[in-house]
Amino acid sequence: MSATTEDTAAHPWAGQERQKLQALMDIELVKLGIHIRKMNSPGSPVYRYAENIIPAGLILTSSFLATALIHFYVGAVVLAIGCWWWLAKVQPKIKEDVFMRTAAYVLQADLNFDVMWARGVLSLYAKLPDGTERVATRRDDWRAYVRSFHGLEGVNLPEQGPG
């Protein structure tokens, strides 16, 4: 076990994996995958009740009011239009917002990344210039995955100090 620790400490990117991952993402070599459903659930650090509850409440309230005040068929039409609006307009915006908030959250600190990685919320994917694909999921070591890009032909990251 000490050999692994010595190898890790000796690696030029040791302690800078999150910053190097950000640099790999900036050059669009590595893509971050996020389990949106897990992150858009109560208890998640990026979950927002209002963006999930208010639109659904508006749809249901409008449908009930249309049914009560006008007619059952009008209420059904309002509900159908509301469901279409939710699926076509609201849901894609929520997915994008949750992705952006999660990416910002996990790239903010190593602890945040480690916790979300251990929960199985994150994955990493890269398609290299030679066509090979690399994937890392919960059962893999994300730091080793990032370090594996060091010295790879065609991967030129700006050098930076620890930070």
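Sequence positions are assigned chain by chain, starting from 1 and proceeding in written order. Local features in a predicted model are, by the rule used here, given only for residues with pLDDT of at least 70; side-chain atom pairs are given and counted only at 80 or more, and totals for whole chains, interfaces and linings are based on all residues. Calculated side-chain values reflect all of the structure's heavy atoms, with hydrogen atoms and water omitted.

Colleague: Is there a simple way to think about helix α2 (residues 17-26) in this case?
Modeller: For an α-helix, the turn length of 3.6 residues means that residues three or four places apart are oriented alike. Summarising burial for α2: eight of the 10 residues are buried, a large majority. The complete set of buried residues in α2 reads E17, R18, Q19, K20, L21, A23, L24 and M25. Contact between two residues is taken to exist if any of their heavy atoms lie within 4.5 Å; hydrogens are not considered. Here a strand is any run of E in DSSP of at least two residues, a helix any run of H or I of at least four, and the numbering for each starts at the N terminus. Buried residues along α2 sit against β1 (30-34), α5 (72-106), α6 (110-118), β2 (122-127) and α7 (142-147). Among the residues trailing α2, E28 stands out with phi positive, at a value near 60°. Accessibility here uses a 1.4 Å probe with only protein chains present; expressed as a share of the type maximum, an area under 20% marks a residue as buried, one over 50% as exposed, and anything in between as partly exposed.

Colleague: Is there a simple way to explain unusual backbone geometry in this structure?
Modeller: Note: most residues except glycine have negative phi, and most peptide bonds are trans. With a phi close to 60°, E28 is a non-glycine residue in the positive phi region. For E28, the location among the structural elements is in the loop between α2 and β1. In this structure E28 comes out as exposed when scored by relative accessible area, which is 68%.

Colleague: Got a minute to help me understand the nonpolar core in this structure?
Modeller: The nonpolar side chains of soluble globular proteins are, as a tendency, buried together. In this structure, L21, V30, L32, F113, L122 and L124 are the most contacted members of the largest nonpolar core, which totals 30 residues. At the level of elements, α2, β1, α5, α6, β2 and α7 are the ones that each hand at least two residues to this core. When residues of this core are assigned to their parent elements, the largest contribution, six residues, is made by α5. What F113 contacts, discounting residues up to four positions off in sequence, is L21, L32, V106, L107, L122 and W142. The definition of a nonpolar core used throughout is a set of buried Ala, Val, Leu, Ile, Met, Phe, Trp, Tyr and Cys residues joined through side-chain atoms within 4.5 Å.

Colleague: Help me understand the packing of helix α4 (residues 49-69) against α5 in this model?
Modeller: In a pair of packed helices, the angle between the axes and the distance between the axes together describe the arrangement. Interaxial angles span 0 to 180 degrees and are taken between N-to-C directions of axes, which are lines fitted to C-alpha atoms, for helices over the stretch in contact. Here α4 crosses α5 at 175°, and the two axes come no closer than 9 Å. By the angle class used here, α4 and α5 are roughly antiparallel. Looking at the contact of α4 with α5 residue by residue, the class counts come to 15 nonpolar, six polar and three charged. When an angle is under 35 degrees it counts as roughly parallel; over 145 it counts as roughly antiparallel; between 65 and 115 it counts as roughly perpendicular; any other value is oblique. Under the grouping applied here, Gly and all other residues not named as nonpolar or charged are polar, the nonpolar ones being Ala, Val, Leu, Ile, Met, Phe, Trp, Tyr, Cys and Pro and the charged ones Asp, Glu, Lys and Arg.

Colleague: Is there a simple way to think about the confidence of the model for the chain in this case?
Modeller: The predicted model of the chain has a mean per-residue pLDDT of 85, with 85% of residues at 70 or higher. Mean pLDDT across the secondary structure elements of the chain bottoms out at helix α1 (residues 2-10), with 51, and peaks at α5, with 95. One number per residue, pLDDT, summarises how confident the predictor is, and it ranges from 0 to 100. Every residue in residues 1-6 scores below 50 in pLDDT, and together they form zero contacts with partners more than four places removed in sequence or on other chains.

Colleague: Sorry, what's going on with the sheet that holds β1 here?
Modeller: Hydrogen bonds along the backbone pair up the strands of a sheet, which may run parallel or antiparallel. Think of it this way: DSSP has to see at least two bridges between two strands before they count as a pair. A sheet is described by the order of its strands in space; here three strands give the open sequence β1-β2-β3, paired in antiparallel fashion. Each edge of the open sheet carries a strand with a single partner, namely β1 and β3 (133-136). For this sheet the average axis-to-axis angle between neighbouring strands, irrespective of direction, equals 20°. Looking at chain direction, β2 and β3 are connected through four bridges and run antiparallel. Each bridged residue has a counterpart across the sheet, and for K127 the counterpart in β3 is E133. Here α6 sits on the sheet in contact with β1, β2 and β3, set at roughly 95° to β2.

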